[in-house]
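Residue-level structure breakdown
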Amino acid sequence: MYYNPLFYQTADVQEAVFLSTDLGQLHQSIPFKELACKMPAPSFYKSGRGRKPFLNVEGGIALMILKHYLGLSDELLIARLNTDWSMQYFCGVQLGLRKIKDKNLVSWWRVYLGEHFNINALQAVFIDHWKPLMQQTHVTMIDATCVESHLRYPTSVKLLWESCTKVYELMQALRKGLKLRASRSNYNKHRLAFLNYQRTRKKTNRKEKKLRKQLLKYLLRLIQCFDELVNRQGCKLKAKNRKLISTIEKVYEQQHELTYGTQSVTDRIVSLHKPYLRPIVRGKETKRVEFGAKLHKLQVNGISFIEHLSYNNFNEGTRLKSSVAFHHKHFGKLSQLGADSIYATNQNRSYCNKLSIANSFVAKGNEGKLATQKQAMRSVLSTVRATVLEGSFGNEKNHYLLNKVKARNQNTELVWIFFGMMTANASIITGRMQQLSKRRCA
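These lines cover the structure that appears in this document, whether it is placed above or below. In this text, all values refer to a predicted model and were calculated from it rather than measured experimentally.

Right, let's get into the overall build of the protein. Regarding its fold elements, the protein presents 17 helices and 6 strands. Over its C-alpha atoms, taken along the principal directions, the protein stretches across nearly 80 × 75 × 40 Å. Among the 442 residues that make up the protein, the fraction classed as buried is 45%. Put simply, the protein shows about 24,400 Å² of open surface, and 50% of that area lies on carbon and sulfur atoms. Averaging the positions of the 71 positive and the 31 negative side-chain charges in the protein gives two centres separated by 6 Å.

Put simply, helix α9 (residues 119-130) and helix α14 (residues 320-331) touch, their axes get as near as 11 Å, and they point 55 degrees apart. Looking at the two axes, α9 sits oblique to α14. Residues Gln-123, Ala-124 and Ile-127 of α9 touch α14, and the partners they reach there are Phe-326, His-330 and Phe-331. Tallied by class, residues from the contact of α9 with α14 come to 4 nonpolar, 2 polar and no charged.

Counted at 1.5 Å a residue, the expected span for α9 with its 12 residues is 16 Å, and the 16 Å between its end C-alpha atoms agrees. Considering only its buried residues, α9 is in contact with α3 (32-36), β4 (303-310), α14 and α17 (410-441). Residue Asn-118 occupies the N-cap position of α9, its side-chain oxygen lying 3.3 Å from the main-chain nitrogen of Asn-120.

With that out of the way, let us pick up the packing of helix α6 (residues 74-83) against helix α8 (residues 105-115). Following both chains from N to C, one finds α6 and α8 inclined at 110 degrees, their axes separated by 8 Å at the closest point. Considering the angle they form, α6 stands roughly perpendicular to α8. Judged by residue contacts, Asp-74, Leu-77 and Ile-78 of α6 engage Leu-105, Val-106, Ser-107 and Arg-110 from α8. Grouping the amino acids of the contact of α6 with α8 by side-chain chemistry returns 4 nonpolar, 1 polar and 2 charged.

Moving on, we get to unusual backbone geometry. Its identity is not glycine, yet Lys-179 carries a phi of approximately 60 degrees, on the positive side. You can see Lys-179 is positioned in the loop between α10 (156-177) and α11 (187-199). The phi dihedral of Ser-356 falls on the positive side, at around 60 degrees, and the residue is not glycine. Mapped onto the elements, Ser-356 comes out in the loop between α15 (346-354) and β6 (358-359).

Let's shift gears to empty space enclosed by the protein. By the definition in use, this model includes 1 cavity of 30 Å³ or more. Of the pockets and cavities examined, the largest cavity occupies roughly 40 Å³. Taken together, Thr-145, Val-147, Leu-295, Phe-393, Glu-396, Lys-397 and Leu-402 form the lining of the largest cavity. Where the lining of the largest cavity is concerned, the elements lending two or more residues are β1 (139-148) and α16 (371-399). For the lining of the largest cavity, the leading source of residues is α16, giving 3 residues. In terms of residue class, the lining of the largest cavity is made up of 4 nonpolar, 1 polar and 2 charged.

Bringing the pairing of β4 into the picture now. Summarising burial for β4: 7 of the 8 residues are buried, a large majority. Sheet topology note: the strand β3 (residues 289-300)/β4 ladder contains 7 bridges and is antiparallel. Looking at β4, one finds that Lys-294 is bridged to Ser-310. Taking the residues between adjacent antiparallel strands as the criterion, β3 and β4 are bridged by 2 residues, where Asn-301 takes a positive phi near 55 degrees.

Before going further, it helps to spend a moment on α11. Over its 13 residues, α11 extends 18 Å from the first C-alpha to the last, a length consistent with the 18 Å expected when each residue adds 1.5 Å. Here α11 has its buried residues at Tyr-187, His-190, Phe-194 and Tyr-197. Projected onto a plane normal to the axis of α11, the buried residues spread over an arc of 95 degrees and lie on a single side. Away from the buried face of α11 by more than 90 degrees, exposed residues Asn-188, Lys-189 and Arg-199 are located. The secondary structure elements touched by the buried residues of α11 are α10 and α12 (205-233).

On to the pattern of salt bridges, then. One pass over the structure, following the stated rule, counts 16 salt bridges. Lys-274 serves as the salt-bridge partner of Glu-413, at 3.0 Å between the closest nitrogen and oxygen. Of this pair, Glu-413 sits in helix α17 while Lys-274 sits in the loop between α13 (239-260) and β2 (279-281); the two residues are 139 residues apart in sequence, bridging distant segments of the chain. Between Arg-319 and Glu-307 there is a salt bridge, and its shortest N-O distance comes to 2.9 Å. Within this pair, whereas Arg-319 is found in the loop between β4 and α14, its partner Glu-307 is found in strand β4, the two being separated by 12 residues in sequence. Using a relative accessible area of 12% as the deciding quantity, one classes Glu-307 as buried.

Cut-offs and rules
- Residues numbered from 1 in each chain as written.
- Predicted model: local features only at pLDDT ≥ 70, side-chain atom pairs only at ≥ 80, totals over all residues.
- Heavy atoms only, no water.
- Helix = DSSP H or I, 4+ residues; strand = E, 2+ residues; numbered from the N terminus.
- Buried < 20%, exposed > 50% of the residue type's maximum accessible area, 1.4 Å probe, protein only.
- Areas by Shrake-Rupley, 256 points an atom, 1.4 Å probe, with all protein chains shown as cover.
- Lys, Arg positive; Asp, Glu negative; His and termini not counted.
- Charge placed at Lys NZ, Arg CZ, Asp CG, Glu CD.
- Axes fitted to C-alpha atoms, helices over the stretch in contact; angles between N-to-C directions.
- Parallel < 35°, antiparallel > 145°, perpendicular 65-115°, else oblique.
- Contact = heavy atoms within 4.5 Å.
- Nonpolar A, V, L, I, M, F, W, Y, C, P; charged D, E, K, R; others polar.
- Expected span 1.5 Å × (residues − 1).
- Polar contact = N/O pair within 3.5 Å; in protein donor to acceptor, adjacent residues only side chain to side chain.
- 1 Å grid on protein atoms, 1.4 Å probe; cavity = no way out; pocket = protein on both sides within 12 Å on 5 of 7 lines; lining within 4 Å.
- Points joined across faces, edges and corners; volume = space filled by probe spheres on them.
- Pairing = 2+ DSSP bridges.
- Arc of directions from axis to C-beta.
- Salt bridge = Lys/Arg side-chain N within 4 Å of Asp/Glu carboxyl O.

Right under this line is the structure:
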């Protein structure tokens, strides 16, 4: 049992002490009640059945904010929540002598929020709450980045062998449940071939292609045997296993086409458990290809928002018009726009000129009388974009758990990315609120 210094204080004193802490100041910058109104309450609050949950929707959102703010794992976050009174106040719960023993509480709320998640609606709540603390709302910056998912680097050999292993394990478990003898497939033989290939330092194209052909034949035989067993015995597979088998069959088709046909396929699967992931070609020196969600960000006065997010690769240069529409919807008139050279197409230039939006694009031809002033403004916009906007990418990835997203499905990954960005924004807003209070006191 830990000692709570506010245990014997009144509610007003407890709240005043909490608001003076760092977490209390962060709590004031987030509109928890408005966010909770955008999501339905858990089933307990409707029917009254089951165990009473520790947290309501506001507490679940606060738990997501705390995870990204403190950078803790789910298990460590629960351990800290059990012993830290300020974190309990942040989540709207006072445990007292109780203790949360459910280590999956954080992941449960991430899944629940992912099922009832609407980025546009929640983002609008944040914008309305933060707009009074934002200056220069007539200027916007846009750029794109890739938020990588946590997975090993995928190769065709690894993907094929993983598919073979999954089908073999499912078939053996099914035969065991039906009290049949184990399958006499050459699993150990192909396992040794895969391990020997992985141990070799120099993996030549010839060796790789030979092993891929062997694994393709073996995978096809396993799939056929599994389908025959299911149809003959009339077995009913779980939805999770049916989805996995369907993904493996698609992997076989794609890898067969890559081995014996074309060099590229559409919607290529790179992970069995995350089939929605796609290779995002970035062209960087250190990472030519990244695997995760491609995020198009819009930034106003240092506060970042998600303009578009997709797991398929897209050309961010085509998102300028939609970014301008996003700004007009939430912030009103747009006068100045900062973007890199990929946005500087003739169509985008004409669109900006039509709406009288000054931009950071390199000018074409003669600029007229105000050439010096226009050049100075372009230089300022480019500098701010290269420092503030590009710097926010690194800040969010290094300090708010967006470097490698460790969520397990598409919905929870979206929750992870969204609250990581909003937590970074809330930290900036908290600093501005503190500066404003100091000025008022002075």
